[in-house]
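If you want the building blocks of each chain, they are given just below.
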Amino acid sequence: MINIGKINTLRVVAEYPFGYALAALDANENEFESGTDNEGAAVFDSEAHTLGIDETVTLPLDEVETPLATNAEIEVFVATNQRGEPYATVKKPLIQVGEVKILKAVSATNFGAFFDWGLDNDLLVPDDYQAEPVSAGMKYVVYTFFDNKTQRILGATKLHYFLQESNAYLNEGDDVECLVYAKTDLGFKVVINEKNLGLIFHSDAFKPLKVGQATSGVIKTIREDGKIDVVLQRIDKDARSELQQAILDDLDAHGGISTLTDKSAPEDIYTHFNVSKAAYKKALGALYKQKKITINADAIRLNTNI
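Each value, and the rule that gives it
- Residues numbered from 1 in each chain as written.
- Predicted model: local features only at pLDDT ≥ 70, side-chain atom pairs only at ≥ 80, totals over all residues.
- Heavy atoms only, no water.
- Helix = DSSP H or I, 4+ residues; strand = E, 2+ residues; numbered from the N terminus.
- Rg over C-alpha atoms; globule rule 2.2 N^0.38 Å.
- Buried < 20%, exposed > 50% of the residue type's maximum accessible area, 1.4 Å probe, protein only.
- Contact = heavy atoms within 4.5 Å.
- Areas by Shrake-Rupley, 256 points an atom, 1.4 Å probe, with all protein chains shown as cover.
- Core = buried A, V, L, I, M, F, W, Y, C linked by side-chain atoms within 4.5 Å.
- Pairing = 2+ DSSP bridges.
- Axes fitted to C-alpha atoms, helices over the stretch in contact; angles between N-to-C directions.
- pLDDT = per-residue confidence, 0-100.

A word on the overall build of the chain
- Regarding its fold elements, the chain presents 3 helices and 20 strands.
- The C-alpha atoms of the chain give 26 Å as radius of gyration, which overshoots the globular expectation for 306 residues (19 Å, by more than 25%).
- With the C-alpha coordinates aligned to their principal axes, the bounding extent of the chain is approximately 85 × 40 × 35 Å.
- For the chain, the proportion of its 306 residues judged to be buried stands at 44%.
- Across the chain, the fraction of contacts at a sequence separation of at least 24, relative to all contacts at a separation of at least 6, is 60%.
- Here the chain displays about 16,500 Å² of accessible surface, and carbon together with sulfur accounts for 48% of that area.

Concerning the nonpolar core
- Ranked by size, the top nonpolar core spans 34 residues in total, and within it Leu-22, Val-57, Leu-59, Val-76, Phe-115, Trp-117 and Ile-153 carry the most contacts.
- A total of 5 residues in this core trace back to one element, the largest contributor, which is strand 6 (residues 73-80).
- Beyond its immediate sequence surroundings of up to four residues, Val-57 is in contact with Ile-2, Leu-10, Tyr-20, Ala-21, Leu-22, Leu-51, Val-78, Pro-86, Tyr-87 and Ala-88.
- Ranked by size, the runner-up nonpolar core spans 17 residues in total, among them Tyr-129, Ala-156, Tyr-181 and Ala-182.

Regarding the pairing of strand 6
- Judged by how many residues are buried, strand 6 sits mostly within the fold: 6 of 8 residues are covered.
- In terms of strand pairing, strand 2 (residues 7-16) meets strand 6 through 5 bridges, oriented antiparallel. Residue pairing in the sheet places Thr-9 in a bridge with Glu-75 of strand 6.
- As paired elements, strand 6 and strand 7 (residues 86-89) share 4 bridges and run antiparallel to each other. Residue pairing in the sheet places Val-78 in a bridge with Ala-88 of strand 7.
- The antiparallel pairing of strand 6 with strand 7 creates a hairpin that spans 5 residues between the two strands, and Gly-84 there sits at a positive phi of about 80 degrees.

With respect to the sheet that holds strand 6
- Strand order across the open sheet formed by 5 strands is 5-3-2-6-7, with antiparallel pairing between neighbours. Two strands in the sheet have a free side with no partner beyond their single neighbour: strand 5 (57-60) and strand 7. Within this sheet the neighbouring strands show an average axis-to-axis angle of 55 degrees, counted without direction.
- As defined by bridge partners, strand 3 (residues 19-24) adjoins strand 5 across 4 bridges and the pair is classed as antiparallel. Within the sheet, the bridge partner assigned to Ala-21 lies in strand 5 and is Thr-58.

Comments concerning the sheet that holds strand 12 (residues 152-156)
- One open sheet holds the 5 strands; their spatial order is 10-9-8-11-12, and the pairing between them is antiparallel. Two strands in the sheet have a free side with no partner beyond their single neighbour: strand 10 (123-126) and strand 12. Each neighbouring strand pair of the sheet contributes to a mean axis angle of 50 degrees, computed without reference to strand direction.
- As paired strands, strand 9 (residues 112-116) and strand 10 are joined by 4 bridges and run antiparallel to one another. Bridged to Gly-112 within strand 10 is Pro-126.

Some words on the confidence of the model for the chain
- Of the residues in the chain, 92% have a pLDDT of 70 or more, and the chain-wide mean is 88.
- Note that pLDDT drops below 50 for residues 32-45; the model gives that stretch 25 contacts with residues more than four away or on any other chain.

Have a look at this one:
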């Protein structure tokens, strides 16, 4: 199969004065497994659109430095032009169909905005698919999809058209990769593993976050309505034990004393231990109850008489 909007390995089946005709290696090659996790979201053919086994795409001659022989294999990205016609290019895009990435807007018109995605023809994000008006020169979180109506690869900043706020494959405690795409009164909206939408509450955002920032996270809660809450650090028993040991190791490495107390700035605590101030204070409290440390106004000290 030839997947539009994806990188494919194809073979040369003919040469023309203007380029090479490329076809799939066989019926199953490059087969793309379309996702089924977004059931319930708005209905779009957002995954890669495939061409028939007998169809070909053209690779322009000026993109090939060394002549290609018949049956030679080559890795190309299959894009679409303004008329919705597929073509091949050796250039690698910044984003493929079904992915979520940060892209820079290069221009805005009365019908949509164009984004740099690494190819000669910029990626169009139509007005109807914009979460807010796009300004040239700004960076946005963009999802790329194949539009059946126009037969073109398009982009969208209205992520909820394509990504669900719930998913059966996620469980509380799962490690995930997040991309911040919006800030609200409640917290920061994030894309989870490029598949789902979730929220990091302001109270759980112990480090500075901004739109377009990637960060690791942990699934905190999956609510009754299926919506997903994310935290930036583990808060289970193992994580608490690891932090306590890290504090003891740090004290031991610095002569048994540290000026990083429960009164220290959250930024200083995060820089040193990569945790929130709340987590740090709880760890200090636990160590104090275990009589492993003493806590003063200006320092914490390791107890060596136990």
